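Secondary and tertiary structure notes
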Amino acid sequence: MNRNLGVLISGRGSNLQAIMRAIADGRLDARIAVVISNRAEAAGLQRAREAGIETLCLSHRSCATREEYDGRLVEALRARDIGLVCLAGFMRLLGPTFIEAFPNAILNIHPSLLPAFPGLDAQHQAWQHGVKVSGATVHLVNCDLDAGPIILQAAVPVLNTDTPDTLAARILVEEHRLYPEAIRLVLDGGWEIVGRRFVRRAAV
Ligand code: GAR
């Protein structure tokens, strides 16, 4: 698989940073070719610039429709020969125009054990529901929200003393470990989608 990554963010960019660190440490053989944000004030843009990575801000406000916005994103990523798109806190829904342009080549990280608590504020949803275990999921992106084939998950306990913020911080530690590992698995190949399962073929 083409190892050029396009990372899409909307905010802080700590998962972006974890991917950058894994590449710098030699744990992940890949290159971040571009970081794109839909928000100019996203702190992650600065992190990328400091590391000498090209950044782009594409605001959805400049487009009349989701399709037009998705088309502009696709154009920017194709122009940079991106093989794998990594959503890292990118808080925009992507439509069929985008999903079909990168079949089985878009990853997302989500702060819950999917299929529990999809959508916004997953850590708060889990805390409020009262589950005793939550966690993080990296999955392939399809047209249904937070519902594509699961690549890796990590569980964390929910403590009686937790607030949504302390739970989110515990989950984030696992996110930073999980995302580079999931990217590595996908780039290394030797997997297939069976039904809705991501299945790695046994090594021979
Ligand atoms: C992360 O917790 C990520 O899992 C979550 O946004 C945060 C981004 O943090 N993503 C979602 O909720 C997607 N539905 P970061 O900008 O520091 O990586």
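Just above, that's the structure.
Since this is a predicted model, take the numbers as computed values, not measurements. (Residues numbered from 1 in each chain as written. Predicted model: local features only at pLDDT ≥ 70, side-chain atom pairs only at ≥ 80, totals over all residues. Heavy atoms only, no water.)

A few points about the packing of helix H5 (residues 122–129) against helix H6 (residues 164–188)
Axes are the key here: two packed helices are described by the angle between their axes and the distance separating the axes. One way to put it is that H5 packs onto H6 with a least axis distance of 9 Å and a crossing angle of 120°. Here H5 is positioned oblique relative to H6, judged by the angle of their axes. Considering how the two elements wind past one another, H5 and H6 form a crossing that is right-handed. Together, Gln123, His124, Ala126 and Trp127 of H5 and Pro164, Leu167, Ala168 and Ile171 of H6 make up the contact between the two elements. Among the residues forming the contact of H5 with H6, the class breakdown is six nonpolar, two polar and no charged. (Axes fitted to C-alpha atoms, helices over the stretch in contact; angles between N-to-C directions. Helix = DSSP H or I, 4+ residues; strand = E, 2+ residues; numbered from the N terminus. Parallel < 35°, antiparallel > 145°, perpendicular 65-115°, else oblique. Left-handed = near helix turned anticlockwise from the far one by under 90°. Contact = heavy atoms within 4.5 Å. Nonpolar A, V, L, I, M, F, W, Y, C, P; charged D, E, K, R; others polar.)

Regarding the pattern of salt bridges
Opposite charge on two side chains allows them to pair when their charged atoms are near. Under the definition given, this model contains nine salt bridges. Here arginine 3 ties to aspartate 188 by a salt bridge, and the two come within 2.9 Å at their closest N and O atoms. Note that arginine 3 is positioned in the segment before strand E1 (4–9) and aspartate 188 in helix H6, a separation of 185 residues in sequence. You can call arginine 3 partly exposed: its relative accessible area is 25%. Measuring nitrogen to oxygen at the nearest pair gives 2.9 Å for the salt bridge that ties arginine 184 to glutamate 181. Taken together, the residues arginine 184 and glutamate 181, both in helix H6 and three residues apart, mark about one turn of the helix. (Salt bridge = Lys/Arg side-chain N within 4 Å of Asp/Glu carboxyl O. Buried < 20%, exposed > 50% of the residue type's maximum accessible area, 1.4 Å probe, protein only.)

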